[in-house]
Structures are given as structure tokens and as C-alpha cells.
Protein chains: 2
Amino acid sequence: MVQNLAVTNCKISTREIQKTTITGARDVAIQMLWVHFSCLWFISFYGLYLLHEEYNEILLKRIQQLQRLRHRPDQFTILVREIPFCTEHKAHGCCVDHFFSKHHPYTYHSYQIVYDGRDVEVLLGLAESIARKIENLRERPTAMKTKREYLLLGAFGEDAVKISLEEDRLEVFCEKIRQLQHEIELPVAFVIFKTRRGAALAAQSQQHSHPLLWITEMAPEPKDVSWRNLTIPYKILPLYEIGVVLAASLLTIFFAIPVTAVQGIAKFEKLKKWFPPAVAIQLIPGLSSILTGYLPSVILKGFIYIVPCAMFGMGKLAGCVSKSKEEIKACNMVFYFLVGNVFFLSVLSGSLLDEIGESFTHPKDFPSHLASAVSAQADFFMTYILTDGLSGFSLEILQPGLLFWDVIKSRTIGRGGEKNPYLYSLPYFRIIPTVWLSVLIGTVYAVVAPLLLPLLIGYFCLGYIVFVNQIQDVYETVYETCGQYWPYVHFYILIAIALMQISLIGIFGLKSKPAASISTVPLLLFTLMFNEYCKKRFLPTFQRYSIQNAVENDELDEKSGQIEDNYENAVNAYRSPCLQPANFLESESSTTHPLVS
Amino acid sequence: MVQNLAVTNCKISTREIQKTTITGARDVAIQMLWVHFSCLWFISFYGLYLLHEEYNEILLKRIQQLQRLRHRPDQFTILVREIPFCTEHKAHGCCVDHFFSKHHPYTYHSYQIVYDGRDVEVLLGLAESIARKIENLRERPTAMKTKREYLLLGAFGEDAVKISLEEDRLEVFCEKIRQLQHEIELPVAFVIFKTRRGAALAAQSQQHSHPLLWITEMAPEPKDVSWRNLTIPYKILPLYEIGVVLAASLLTIFFAIPVTAVQGIAKFEKLKKWFPPAVAIQLIPGLSSILTGYLPSVILKGFIYIVPCAMFGMGKLAGCVSKSKEEIKACNMVFYFLVGNVFFLSVLSGSLLDEIGESFTHPKDFPSHLASAVSAQADFFMTYILTDGLSGFSLEILQPGLLFWDVIKSRTIGRGGEKNPYLYSLPYFRIIPTVWLSVLIGTVYAVVAPLLLPLLIGYFCLGYIVFVNQIQDVYETVYETCGQYWPYVHFYILIAIALMQISLIGIFGLKSKPAASISTVPLLLFTLMFNEYCKKRFLPTFQRYSIQNAVENDELDEKSGQIEDNYENAVNAYRSPCLQPANFLESESSTTHPLVS
């Protein structure tokens, strides 16, 4: 059973109705299929059982983590969007105060309006560069002191004039910034409550009879807020979302076209034509064959390496209110891309568009089509896991991308400037989809070609070691979602199990075992129903803050008498970053005239 | 343009690539198609505009109605399901009290546990019949007083013994009822709040970190509660729902089979064979031809008449918490049935199952298939509206079904008993789907065969007159949903508009005008996006009670000082019907020992 039956099975299937004269061998094959069948049921049910246990455990961990992080300001805060404009006071703020003190009288505390900081940020950048210039000018005399020249050359006088000129300019800028900071109010506010219970209730209820006004949701962590996206009006947000989904789908479907085009150009024969010095490569023996063999693959890898960045960029444009949601979105898009362009494109040779069209017009043929293709490609994926998977982890430790980028930066822009100790966050959008893809490959091949599994176990073990190291020592934590990634992991493992079942329905069909094929259909239905059950049983607690947990945490705080500190903290945590006073010159503008009064 | 182009168009389409020698006629046809094209756009946009305005108006009316009915107890009450069992007190009640007074301390008032009343109801029925017997025995002597015989015959003494015996039996029954009434507690309760705001907040939030415990929703009106469905455990509710959906789909898809079978048996030739006296019909001239012509149609009508009742029965089994939701469910199922078996089956001749299979395997061909079929069937639907539609309203006034039922009942079961003044509720599940179907037919044919429209206007005017009369004078109001039916009406009109667009995409395709066909696709997409917009803009307020409205109504009550009366009313309004004390004998059991203490 452990033998890789898939390849031999496939050979039989390609010859199709070829009559085998040795009936004994056929009986063995049929018995083998029943072994496959029982393996499928066992793996499916055990997989679902493990998924259920894991979801449950992660749910408990999430609740514990929320309790541990109960001093975080986001537990007291909700994000309110589409606040109507008060024509009387020409502001949104008074509306917020009036609305929440009327409708949530016992728990409402205060609010923080969000300001449009895009112009201010530009000005702050300019002001900062002027401040740096002034500092440079000030430092120059002290640097030249030992040379005793500055008095003789009158450089000090010249510098003093320059400094006072620049200081005047800086003053003008600061004045402008101060004016602008409170000018463009957005119809968005963070509303702070006195209890977690009040915040949770307000976040989950419909405030206004016009459901597109006063839209409330739990606020993200202050560090996690995507301020730029809060400037997008809520009404046109769906357009952004549709645009991003469209762009990501187009990239996924038509990705193969530019890659093949570039691969076509990069062939050695064409290279010689376009770039004559390349003929020199032929002089070194062996190099030309390496080039011909590896160049297309390198180009493909290069393109695939860029895709996560592109998807991350698109995720940022989708208008999510928090960075974590942007990254989750990017993860999903990259995963669909990988499934489309690595899994399906390798399995079903032919363009992705044709395949999608085919499976829409003849959905019935999909399982058998998938089955014959899956069983033929087991070797390919074994190599894929061995090379790509393992090389991926070693690259993760070496961090070649960051190294390269840092070298370039230090040689060009950053030359002379202070060295930034580069602290990056874990690039979830690059790592997680690859792991998901490996799980998908492993699950789909678990029955058909179990030889893949030991390789995968090695892969995951290595991955575990690498990432425990990276998370502890290399990367910085930017946000903490308390397990928000898990529902996606769960869903994609379920998709993998369903794909395994579909491909086996196809294989049983190809092997003309309709009984096995039909009796797998209830298993597929059960898997889909299990998904629906999990959505109802676990997902809501990942999306909302239950009243019971909120009250529990409130009571813990009350016992320790900390509740007031906590919500007072929240007030300051959600200031728009453009409102933070910029310390250009300690002695000058910032301390005497604080930018925010 | 007003001419019925469809039939001529279709004739052209069936001949397909037949070359017309007269190019002038062709030019006219092409120009006509552009007229159709602009009509389609005009009707679509005007339709969507009207739908938007109407939804808005009905939303406002709903809010006003909720304000007018603000004394109703359901505004203060939520329905809580899946209450955990308190092992300490061996009850659910203490859990409810503890949970809500802890988590909603300012607004929680009290609760009413729901009891399983199925056994009690049986016993109450038996007790009632005994009470009636006793009453009959007591009345006998007074009736015989004038005859002065009762003393002579000793009948009084005999009756007295009988009465005391029956009274003992009644006492035993009442004792048993009293025991049972509080025995089987369900994990369901109505929780009453002191303010509408509190109830709305609790209904819309997730109470427990286990989202399948403490499930809350706004309570239905007391009259509207479906007590029997509250006994169904929440966990197996999805099975009920799936079962009902499956049964309704099977009935819709395979409805044609039994009908054709019965029609086959009921043919006059076969009738003669099975039931020889039927030959006598031939003796009356003309009767046999009437029979042969009308019998199949009568059988079809009979079956279609029974379907709404069947669907209503299924709706009751689906486990909805209120009668209004049951009826809405039945309406939807009947509508899908009518669309499948009247609209599609008449349009696309052939079995419904084949058609569904066809459109799943070749979804691309659906528009052209629909188009050629739709344009061929305009005459049929004109007749349909004229006969079925108009006859439906006259039957509604005559109420033949109820008349017939009443006659049967008065002759069999109810003979001698007191006459029940029969007051029925408006059978929404029978009327609304028919009206929806007429709207669907009218919209689909609005561009292709506008001659249908005047007939439809006549139909709707007659319907308006009939139903204004029936609602005012004939039917009794059982529940008031404040416009809950409208979202469905809206959705089905949108489906009709989308179907019109799809059929016109097909027609333009058949007429080899790909430009017109392709430029209709954005219109279809726009319609679907409009649907999504309406779902976000209007639907939430139909499903939830917004905090703003709740607070407004609370304030109105506070001004008039009525708020306490209102929530005190709610406490008594949600008693399980099995707890109501049954007044069997005013002087006996019920007054001296009240059934509920």
C-alpha cells in the first residue's frame, strides 16, 4: 500500500480500455483501490477531527490571550465611520459626542476624531529636512573650532544668517502644519468606552436606522491601525475591494503569459541575436547548457518571488482598517495565486484560463480530469517540496533579499545618513501561503502517493526550527491579532481535504469503480457541512468580542482597580499620527509652541 | 414598437440563417432591435429607481409603525435559546437570571422560561371534554324541571353520583396537569428588559464565547410565537431546515411526474376501461369533448391548488420561531415552485430536471435558450393572466375552499356543536406568490411583448380592489411584521428584471446583434450590484432594531411615563400557553385551586 501506486495507476488509465489478459493482476489492483478507499475515509475523518480539536484549542488560547492583553486600549475602543457632518458646529466631533452620550449613556467616555494627515505628512517631511539642515549648520562651527578658522573667514557670521533664514522658513512651515493639523476632519472617529462590555455592545449593534451611517466595529490595536486607509470614504470602499479582487484575479489568471514571453526571449539562441557578446558564454564549456537549462526556471522563480510583494501592495489598497487585515488579504491572494499557478498549472498542463473555462462549462468532468492529472504529477511535487521548500527555508535564514536591498540602499540613498537598524516584521504574506500550498500538496497526495509525506514531515520540521529562531531573534512583532490567521488556515486545510476527495472520486471513476466513486460523494458533502458547522461554532468568536469575556475582563480590572487607567490610556493611544508634535529643534519651535495644544 | 414583435422575431430565429433577399425589411428589423435595446435600458433603470424609492418609503413606514406599536411587549423582549442547565438547582431559570443580571446589569428585568407543553395540551383537551360532560349532566335537571319527573325517576340522584365521579376524575387530571406544567423546562426563555435599548443591544450581540450557547434574537410578537417550534433543540434545527429545503426542491422538480401520470390515467379512453359507467357520458352530446379537453387541465389546477398547503405545512416544520417567518418561508417555496412549474415549464417545454441539468452543464447557452422560448410563449402567458389571474380573484371573493370545508364540517364532526364563527388569516402563502409570478411574467415580457402589460394592469387593479375588501372585511389580523415581507418582494422583482435582461441578451444574440448583446451584460452586472447595495442599505433595518430607534421610543415613553407599564406587560405576555389556567368549571377546580400559583 505504501508503494507509489499513482504512477502505475495512471499508466493504466492512459491506456484506458486496454483489456488486461491477466485477471489476477486486475483483482489485486481492485483490492488496492479498496485499500485506497478506506485510507481516504480514515484520513478525511482523522483530518477533520484534528481540525476540530485544533480550532477549539486555538479558540481557548485566543480567549486567554485577550485576557492577558486586557490592558490594551483596543478593548475599550470602537472605530466609528460615516459620522454625519454637524452643519451647526461645522464639525463631526460634536455629533459623535452627542450621539454616543445619548445612546450609550452609562458607558461612553470620549472620542478621538481622525484627521486627514496626508498633506501634513508631506509638510512634516519638508520641515524635518530643514531642521536637519539647521542642525548641520549649527554643528559646523563646533566641528571647525579646533581649526580656529571660522572667525577669520567670517563663516560663523555667514552661517548665522543662513541659520536664522532657515529658522524663519521652519517657523512658516510649522505654522502651516499647525493650521493644517486640525483642518481636514474625516468622518471617522475612535470612540472610547468606560468598560469593555460597553465597547463590545456598541461594536456589535446597528446604531442608526440608516445602516450606512454610524458604522461601528472593534478598533484595531493602535500600532495596527492603517491610518492611510481611514481616509478612504466608506461609500467607495466596495469599489476598492472589487478593483483589488479583479486585479489579483487577472494577475493570477494571466501570470503565465508574460512569464512565457520573457522565457521565450531569454532562450540562448535569441539571446545571441539580441545581445551578441553573449556568444562569449559558449567559450566556457558547460556554461551554455546550464544557462539553457536553468534560465527559464530562474525567470519563473524571479517572477514568483515578486508576486507576494505585488499582492501585498494590492492588499494595502483594498481599504482595510488595519495592517493585519491587509496582510491576511495579501496571504489569501498569494495562496490563490500559488494554487492556480503552481498546483493547478503544474498538474493540468495548459493555460489556467482554458482550465477555468473548461471546468465551468463541463463541471462534471472536473474530478476525472483532476484525477488523471494529479496521479501523473506526484514525482514533480516530490521534487518541488525537496528543492523549493527546503531552499525556501535556507533563503529565509540568509535573508538575501534584505541583504541585497540594504547593500543597495547604503551605497545610494542612505550614504552618509545614520544607519537604520533594520527591523522588519515577519513577512506572513510570503511565508504562510507557501506553507499552505505544501499542506495542500501533502493532503491531495496523502492517499495517492504517500511517499510524499515523509518528505513533507522533514520540510515542516525544518520550517519549525527555522521560524522559531526567526521569530525569537530576527523579526519584530508589529501587531498581535490573537489568532485571526487560524480561520484561514483551517479553511485552506479543509479545501485541501475536499480537493483530495474530489481527485479520488475522479480516480475511482477512471478505474471504473463507480461504487467507490459514488460512496465518496457523501464524504465530500460531510466535509462541506463540517465547514459550515465550524463557521457557526468557532468563527464568530474570532470576529467579535463576546459579552461574557468582556464582563469577565472588566471584573478582573475592577478587582485590581485598574479600569480607569486602562480607558484613560486608550484616549491618547488613538491620536492620528499627524497630530503628534514633531520635535524638530528641542530648543525651538516644538517646545515653546507645541504643535498640538 | 408597441406591436408584438416577439412572435415575428421568433419566426425569424427558427429559420435562423435563412438569407432574406429584401434588405430593406432587415434594416427595419435591426432598427426595431435598437428600439428594444433602448427600451430595455429605460425599463431597467426606471424599475431600479422605483424599487429604490419604494424600499426607502417602506423603511420609513416600518420605523413609524414600530413607533406607533411601541407599547407592544416584543420591543422589550428577546428570545434566548440554548441556555445551559444549572446542575446545582436542576433548572435553566436560575442560569438565565444569573447570566443576564451579571452581563446586562442596568437593563435586565426578568425572564419567562418556556415549558414543553405538548403533553399538557393533550391532558388539557381530555380535561376539557370531561368538564363539558359534567356541565351537560348539571344542565339536564334544570332542563327537566318543568316536567317534574326528575324527582320521581330518581334521575337527580343518579346524575349526582355521575357528576361526583366525573369531578373526581377531573380533579385527578387537573392535579396531573399542575404537576406537568412546570416539569419539562426547555432551554429557551423570553428575557424582558427595562428598556428597548437594552433589549436591542442584547439581541444583536454575541453573549458567550461559545457562540452556540445563549443565542439571542428579538422576540416575535406574543401572538406570533410558534410555541411548538421552540421545543426543537437548536442544534438539530439545521437538519430540519435542510430537510424542508430538500423536500420542497424535490416537490418542485418532480411535481410534473405524478401530474402527468394522473393525467394519463384520467384520459377518457382509459376512464372507460377502468370505470365502465363512464360510457354514459357519451350519451350527452358535447360532454365527452368537454371532459377530454378540460379534465387534464382541471387535474393540473387541482394539484397546483394543493401545493401551497403542502408548502405551508413544510414551512411549519422548518423550525422558525414565529408564524410570520413560517409563512414567509412558505411564500418563498411556493414562488420558486410556480417559477419552476408554471413559468419555466411552460416556457421551456421539457422536464424541469433536464432543463436544470442543461443549464448547469452549458450555462453559456442559457440566455439564447431562454430567449427563443420566451418569445414563443407570449400568447400563452397572455391567456394565463386573463384566465388564471382573473379567475383567481373571483374565487378569492367566493372563498369556495372555505365554503366547501365549512359545509363538510357542519355535516360531519361539528354537527350539534356550537357554530364556530370562522375567522381566518389572510393566506399570504397562497396569494403573494401568484402576484409575484404575475410581476415576473410582466417584467420579462415588458420589452418583448408589451401587449401583456395592459392586461396586467387590469389584473393588478382588480386584485387591489378585491384585497382591500378582503383585508378590511373578511380576514382577521394574526400578526404584524412591520414590512418584513417587502425585502422578498423587492428581491423577486429584481430577479424578474435580471431574467428580462438575460432573455434579451439571448434575443440579441439570436438576432446576430452581438454589440447589443454584449452591451447588455454591464446592465445585468449593474442590476446585481444594485441588489448588493440594497442589501447593505435597507435590509439590516428590517432585521434588527437600531439603537437610535430604540432610544427614541424609550424617550417617548419616558415623557409619558409609560415605560414601566410596558415592560410589566411583557412579563405576562410571554407565558407559555400551556401555563394559562384552564377554566373548566368556574365554581370548582379552577378558582379554588388556580392551576398556576
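The structure displayed is predicted, hence computed values, not measured ones.

A.B. asks: Got a minute to help me understand the relation of the copies chain A and chain B in this structure?
C.D. replies: The operation relating the pair of chain copies consists of a rotation about an axis and a translation along that axis. Least-squares fitting of chain A to chain B yields an RMSD of 0.2 Å, with the transformation described by 0.1 Å of translation along the axis and a rotation of 180 degrees. The symmetry that links the two subunits is that of a two-fold axis.

A.B. asks: Looking at this structure, I do not really get empty space enclosed by the protein. What am I missing?
C.D. replies: Take a probe with the size of a water molecule and roll it over the atoms, and the empty space left behind shows itself. Counted under the stated rule, the structure contains 8 cavities of 30 Å³ or more. There is about 120 Å³ of room inside the largest cavity. In terms of lining residues, the largest cavity is bounded by A:H104, A:Y106, A:T107, A:R197, A:G198, A:L201, B:H104, B:Y106, B:T107, B:R197, B:G198 and B:L201. For the lining of the largest cavity, the class distribution of residues is 4 nonpolar, 6 polar and 2 charged.

A.B. asks: Sorry, what's going on with the pattern of salt bridges here?
C.D. replies: Opposite charge on two side chains lets them pair, provided their charged atoms get close. Residue and element names in this part refer to chain A. Scanning the model with the defined rule gives 24 salt bridges over all chains in all. Measuring nitrogen to oxygen at the nearest pair gives 2.9 Å for the salt bridge that ties D116 to R118. Note on D116: relative accessible area 10%, which makes it buried. Residues participating in the shared-partner salt-bridge network are R70, R196, D554 and D557.

A.B. asks: Explanation requested: the side chain of A:N332 in the structure shown.
C.D. replies: Residue and element names in this part refer to chain A. Here N332 shows up in helix α13 (residues 323-347). For N332, a relative accessible area of 12% translates into the label buried. Once residues within four sequence positions are removed from consideration, N332 is found in contact with W436, Y488 and Y492.

A.B. asks: Explain the packing of aromatic side chains to me, please; I cannot follow it from the model alone.
C.D. replies: The description of two aromatic rings rests on the distance between their centres and on the angle between their planes. Residues and elements named next belong to chain A. One pass over the structure, following the stated rule, counts 61 aromatic pairs over all chains. Taking 5.8 Å as the distance between ring centres and 5 degrees as the angle between the ring planes, the aromatic pair formed by F42 and Y46 counts as stacked. With F42 and Y46 both in helix α2 (residues 23-68) and 4 residues apart, this pair spans about one turn of that helix. F42 sits in the exposed class, given a relative accessible area of 57%. Y46 gets classed as partly exposed once you look at its relative accessible area, which sits at 43%. Aromatic pair F335 and Y492: ring centres 4.3 Å apart, planes at 40 degrees, arrangement tilted. Note that F335 is positioned in helix α13 and Y492 in helix α20 (residues 486-510), a separation of 157 residues in sequence. Each member of the pair, F335 as well as Y492, is classed as buried.

Definitions and limits used
Residues numbered from 1 in each chain as written. Chains lettered and ligands numbered in written order. Predicted model: local features only at pLDDT ≥ 70, side-chain atom pairs only at ≥ 80, totals over all residues. Heavy atoms only, no water. Least-squares fit on C-alpha atoms with pLDDT ≥ 70 in both. 1 Å grid on protein atoms, 1.4 Å probe; cavity = no way out; pocket = protein on both sides within 12 Å on 5 of 7 lines; lining within 4 Å. Points joined across faces, edges and corners; volume = space filled by probe spheres on them. Nonpolar A, V, L, I, M, F, W, Y, C, P; charged D, E, K, R; others polar. Salt bridge = Lys/Arg side-chain N within 4 Å of Asp/Glu carboxyl O. Buried < 20%, exposed > 50% of the residue type's maximum accessible area, 1.4 Å probe, protein only. Helix = DSSP H or I, 4+ residues; strand = E, 2+ residues; numbered from the N terminus. Contact = heavy atoms within 4.5 Å. Phe/Tyr/Trp six-rings, centres within 6.5 Å; stacked < 30°, edge-to-face > 60°.

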